[in-house]
Amino acid sequence: QVQLVESGGGLVQPGGSLTLSCAASGTIFSIYSMAWYRQAPGNNRELVAVITERGMTTLPNSVKGRDTISRDNAKNMIWLHMDGLKPEDTAIYSCSGLIVPYSGGNHDSHWGQGTQVTVSS
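In this report, we go over the structure that sits alongside the text. Computed from a prediction, not measured in an experiment: that's the story for all the values here. (Residues numbered from 1 in each chain as written. Predicted model: local features only at pLDDT ≥ 70, side-chain atom pairs only at ≥ 80, totals over all residues. Heavy atoms only, no water.)

## Overview of the side chain of Ser30
Turning to its location among the elements, Ser30 is positioned in strand S4 (residues 30-39). Aside from chain neighbours lying at most four places away, what touches Ser30 is Glu53, Leu98, Ile99 and Val100. (Helix = DSSP H or I, 4+ residues; strand = E, 2+ residues; numbered from the N terminus. Contact = heavy atoms within 4.5 Å.)

## Some remarks on the sheet that holds strand S1 (residues 2-7)
With respect to topology, 4 strands assemble into an open sheet ordered S1-S3-S8-S7, the strand pairing being antiparallel. Strands with a single pairing partner mark the edges of an open sheet, and in this sheet they are S1 and strand S7 (67-72). Averaged over all pairs of adjacent strands, the angle between strand axes in this sheet comes to 15°, irrespective of strand direction. Judged from the 6 bridges that link them, S1 and strand S3 (residues 18-26) form a sheet pairing that is antiparallel. Considered in S3, the bridge of Ser7 is made with Ser21. (Pairing = 2+ DSSP bridges. Axes fitted to C-alpha atoms, helices over the stretch in contact; angles between N-to-C directions.)

## Overview of the pairing of S3
Note that S3 and strand S8 (residues 77-82) share 6 bridges and pair antiparallel. Residue pairing in the sheet places Ser21 in a bridge with Trp79 of S8.

## Observations concerning the pattern of salt bridges
As enumerated under the stated definition, the model contains 3 salt bridges in all. Put simply, Arg38 and Glu46 hold a salt bridge, and the shortest N to O gap is 2.8 Å. Linking Arg66 and Asp89 is a salt bridge whose minimum nitrogen-to-oxygen distance equals 2.8 Å. Here Asp89 lies in the loop between S8 and strand S9 (91-100) and Arg66 lies in the loop between strand S6 (57-58) and S7, a separation of 23 residues in the sequence. Residue Arg66 shares its accessibility class with Asp89, and that shared class is buried. Three or more residues joined by partner-sharing salt bridges are found here, namely Arg38, Glu46, Arg66 and Asp89. (Salt bridge = Lys/Arg side-chain N within 4 Å of Asp/Glu carboxyl O. Buried < 20%, exposed > 50% of the residue type's maximum accessible area, 1.4 Å probe, protein only.)

Here's what the structure looks like:
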């Protein structure tokens, strides 16, 4: 079994900063790419940031320059640091990972439960 657990969400004022964490645990041999997604009420889920096993990152224009994704392969963790938060960043943020459970095994996509981020004065 594999589990992804996010933490670090909360209420922050516009212009503020927040760092989210995601820890993967369980039967893990390796993890390919990991990512952060968000979904606001009434909206589709959207990609926030992706990081490969080697640390290459991709962020959409909506957050580029404000958000940073980082990763520690030894700890099976990723972080999302968000600066200059706006009310439109309010959403449930979830992490995902393409995880290989054992050597020679196939990778599967796993998701966390999500953490709420609310940007409001």
